[in-house]
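Summary of structural features
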Amino acid sequence: MAVKAQDYIAKLLLAYEKATGRKPFKIAGDMEITASNYYCYRNGKGNPTTETINKIVAVIQVNCPEVIIETTEWYLRRLRLEQSGRDT
C-alpha cells in the first residue's frame, strides 16, 4: 500500500482537530489557508501545494507535534500488517 499525500494530510488534520478541540475555520486561519480549502484537504480532496503542506505541518509541529508522530505510527502499523500478510 502506498500512502497518498492527500490521505496523510487528511488524517493529520482530523487528528489535530481532535487533539486540540479547535474549530476548523480557526485552524485554517492559523495555517493561513482558506476554510474551504481546509475542508477539502481534511476530507482527502484537493491538491495542496508544497507550500500549503509546509504551513499545515508547521502549525501542527509547533502546537501538537505528537499528532505527527501518532499519525505516522498509525500508517507504519498498517504497512507492517499488510507486509506481514503478504509474507505468509
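Residues numbered from 1 in each chain as written. Predicted model: local features only at pLDDT ≥ 70, side-chain atom pairs only at ≥ 80, totals over all residues. Heavy atoms only, no water.

Topic: unusual backbone geometry
Test applied: Numbering of helices and strands runs from the N terminus; a helix is a DSSP stretch of H or I covering at least four residues, while a strand is a stretch of E covering at least two.
In this structure, E32 is a non-glycine residue whose phi angle is positive, near 60°. Mapped onto the elements of the fold, E32 is located in the loop between helix 2 (24-30) and helix 3 (35-42).

Focus: the nonpolar core
Short version of the rule: What is meant by a nonpolar core is a set of buried Ala, Val, Leu, Ile, Met, Phe, Trp, Tyr and Cys residues, joined one to another through side-chain atoms within 4.5 Å. Residue exposure (1.4 Å probe, protein chains only): buried if accessible area is under 20% of the type maximum, exposed if over 50%, otherwise partly exposed. Any two residues having at least one pair of non-hydrogen atoms within 4.5 Å are treated as being in contact.
Counting residues in each nonpolar core, the largest one holds 16 residues, and the members touching the most others are L13, Y16, M31, I33, Y38, I56 and I60. With 4 residues, helix 1 (residues 5-20) is the largest single contributor of residues to this core. Apart from the residues lying within four places of it in its own chain, the contact partners of Y16 are G21, I27, M31, V59, I60, N63, C64 and V67.

Side note on the pattern of salt bridges
To be explicit about the condition: A side-chain nitrogen of Lys or Arg and a carboxyl oxygen of Asp or Glu constitute a salt bridge if their distance falls within 4 Å.
Going through the model one piece at a time under the given rule, you end up with 3 salt bridges. One salt bridge in this structure joins E17 and R42, with 3.1 Å as the shortest N-O distance. Residue E17 is located in helix 1, and its partner R42 is located in helix 3; the two are separated by 25 residues in the primary sequence. Considered together, E17 and R42 belong to a single accessibility category, that of buried residues. As a salt-bridge pair, K55 and E51 come within 3.9 Å of each other at their nearest N and O atoms. Within this pair, K55 and its partner E51 are both found in helix 4 (residues 50-63), separated by 4 residues, close to a single helical turn.

Section: the environment of Y39
Relative to the elements of secondary structure, Y39 occurs in helix 3. Judged by relative accessible area, Y39 falls into the partly exposed class, the value being 34%. For Y39 and L13, which are 26 residues apart along the polypeptide, the C-alpha to C-alpha distance reads 9.4 Å. Excluding anything up to four places from it in sequence, Y39 contacts P24 and F25.

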